[in-house]
Amino acid sequence: MNVTVSLDSVWNLVQSLSRDNQKWLADKIYENISHKPAKKELVFPHIPKNMKISPEVRELVIGKLPEDFDFEQETDKMWEEWAK
């Protein structure tokens, strides 16, 4: 049986309880909340595989690279080494 009750009604009911009953209810609510882990779903943006990183973004993430550094070549080399 599903019954809808406003939070104001619940609050009025809680206030009418004795202090011991309020504490018991608070302990039960806290116990129920503390045993259930908060479910937070991670949402990742869809990034296409062929998307090239702009030099500005790369500089923000990696830092300033030397002028003769070829990022694409180093990335390809890294993947080849990982594949071994």
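Placed above this text is the structure.
Participant: Hey, could you go over the environment of Asn 12 for me, with residue numbers and the actual values?
Facilitator: Mapped onto the fold, Asn 12 is located in helix H1 (residues 7-16). Here the alpha-carbon distance between Asn 12 and Pro 66, two residues 54 residues apart in the chain, equals 68 Å.

Participant: Account for the pattern of salt bridges, naming residues and giving values.
Facilitator: Per the counting criterion, the structure on display carries three salt bridges. In this structure, Lys 52 engages Glu 72 in a salt bridge whose closest nitrogen and oxygen atoms are separated by 3.9 Å. Placement of the pair is Lys 52 in the loop between helix H2 (19-35) and helix H3 (55-62) and Glu 72 in helix H4 (residues 71-83), with a sequence separation of 20 residues. With a relative accessible area of 35%, Glu 72 lands in the partly exposed category. In this structure, Lys 77 engages Glu 74 in a salt bridge whose closest nitrogen and oxygen atoms are separated by 3.5 Å. Highlighted residues: Lys 77 and Glu 74, both in helix H4, separated by three residues, approximately one helical turn. Of the residues examined, Glu 74 reaches a relative accessible area of 31% and is grouped as partly exposed.

About the cut-offs
- Residues numbered from 1 in each chain as written.
- Predicted model: local features only at pLDDT ≥ 70, side-chain atom pairs only at ≥ 80, totals over all residues.
- Heavy atoms only, no water.
- Helix = DSSP H or I, 4+ residues; strand = E, 2+ residues; numbered from the N terminus.
- Salt bridge = Lys/Arg side-chain N within 4 Å of Asp/Glu carboxyl O.
- Buried < 20%, exposed > 50% of the residue type's maximum accessible area, 1.4 Å probe, protein only.

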